[in-house]
Amino acid sequence: MSDSFTQQFLQLLRRIGNQFNRKVADVLLILTNHKSSGSLGAIAGLALAIIFTWKFLRPSKKPRINQRKSVGSSESRNASSSVTQADEVSYSTQRDRVDELHPPVKLTLGELVRKKFNGSRKITCQLLGVILEERTPEELKEHATVRSPVVEILWEISRSCDVYLMDRIVDDESGERVLLALENAGLFETGCLTRDKVLFCSTENGRMSFIRQLEPDWHVDSNPEIVSQLSRFIRYQLYISPTGSPITGSNIFTSTSLDSYLTE
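Residues numbered from 1 in each chain as written. Predicted model: local features only at pLDDT ≥ 70, side-chain atom pairs only at ≥ 80, totals over all residues. Heavy atoms only, no water.

A. View of the sheet that holds strand E4 (residues 218-221). Spatial ordering of the open sheet is given by E3-E2-E1-E4-E5-E6, a layout of six strands whose pairing is parallel. Looking along the sheet, the strands with just one partner apiece sit at the ends: strand E3 (198-201) and strand E6 (252-255). Recorded for the sheet is a direction-independent mean angle of 20° between the axes of neighbouring strands. Of the pairings in the sheet, the one linking strand E5 (residues 236-240) to E6 comprises four bridges and is parallel in character. Across the sheet, the residue bridging to Tyr239 is Thr254, located in E6. Helix H6 (residues 172-184) rests against strand E2 (162-168) and E3 of the sheet, and its axis sits at about 160° to E3. Sheet strands in contact with helix H7 (residues 204-214) are strand E1 (122-126), E2, E3 and E4, and its direction is about 165° off that of E2. (Pairing = 2+ DSSP bridges. Helix = DSSP H or I, 4+ residues; strand = E, 2+ residues; numbered from the N terminus. Axes fitted to C-alpha atoms, helices over the stretch in contact; angles between N-to-C directions. Contact = heavy atoms within 4.5 Å.)

B. Highlighting the nonpolar core. Counting residues in hydrophobic clusters, the biggest one holds 36 residues, and the most contacted among them are Phe117, Ile131, Leu165 and Leu182. Secondary structure elements with two or more residues in this core: E1, helix H5 (148-160), E2, H6, E4, E5 and helix H9 (258-263). Considering each element in turn, this core owes the most residues, five residues, to H5. Residues Met208, Ile211, Leu214 and Ile234 belong to the second largest nonpolar core, which totals eight residues. (Core = buried A, V, L, I, M, F, W, Y, C linked by side-chain atoms within 4.5 Å. Buried < 20%, exposed > 50% of the residue type's maximum accessible area, 1.4 Å probe, protein only.)

C. Molecular detail of the pattern of salt bridges. Counted according to the given criterion, the structure contains six salt bridges. Between Asp259 and Arg147 there is a salt bridge, with its nearest N and O atoms 3.2 Å apart. Of this pair, Asp259 sits in helix H9 while Arg147 sits in the loop between E1 and H5; the two residues are 112 residues apart in sequence, bridging distant segments of the chain. For the pair formed by Asp259 and Arg147, the shared burial category is buried. Across the pair Arg195 and Glu183 runs a salt bridge, and its minimum N-O distance is 2.7 Å. With Arg195 in the loop between H6 and E3 and Glu183 in helix H6, this pair connects stretches of sequence that are twelve residues apart. (Salt bridge = Lys/Arg side-chain N within 4 Å of Asp/Glu carboxyl O.)

D. Representation of the environment of Lys122 within the structure. Along the chain, Lys122 falls in strand E1. Placed 42 residues apart in sequence, Lys122 and Tyr164 show a C-alpha to C-alpha distance of 8.1 Å. The contacts of Lys122, once residues within four sequence positions are left out, are Cys161, Asp162, Tyr164, Leu214, Glu215, Pro216, Asp217 and Trp218.

E. Quick peek at the pairing of E4. Burial of E4 is two-sided: the residues Trp218 and Val220 facing one way and the residues His219 and Asp221 facing the other way are all buried. Sheet topology places E1 next to E4; three bridges connect them, and they run parallel. For Thr124, the partnering residue across the bridge sits in E4 and is His219. Across four bridges, E4 lies against E5 in parallel orientation. Bridge assignment links Asp221 to a residue of E5, and that residue is Tyr239. Note on the crossover from E4 through helix H8 (residues 224-230) to E5: the handedness is right-handed. (Right-handed = clockwise from strand over helix to strand, strands pointing away.)

Nothing here speaks to function; it is all geometry.
Shown next as structure tokens:
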């Protein structure tokens, strides 16, 4: 409706302009027949008036073109956005279907051990707080209890690499008590873990000496001071912290327990 009204208005302006041009042409014809300086000045002034009038009456089409371009570009952006959202929804739906048809493969314990310990060939591990429920040498004077979750893990580790267990004790009886607890847990039955790979000493410095001489790929310990001092010599270390507080070091990993580390 608005476009039709605009066209009619423009046609009316053109008619007025044509009639005005005829009148001006008649006036120019009369003035050219009287060639005087005043007539020539009048002709020049009239010509300028005609030029300005024509420019004023000429319709401008650029805004409409720009408006069309703006509308077109807006529609294009909306269409592109709709296509992108549709693609994302389609991809998400396809991914969900793939997950339903092919759920993530659950690794076996042996595969987890090899993955977490990078296929290491030799591992040293502290007894207190890692393999045993007890956390101090003084507790070993009374009893020694193997943590049940680590039994199968030690079996798997000992199948693929050498495992050395060690700790500080206050008397020989404590050592015998630990060996008996390991035997009762069935850790010596497979033959991969033997009694001569369970080492005891009377000081923490002696334990660090054992570790450095064995040169393991991994060492597992619950003593933060030992872990910090060995970080320069051991390739990887697993720090067992009951609170999960980490130790700074690019080659030090932290977990609340040995079994938790494999499932994290």
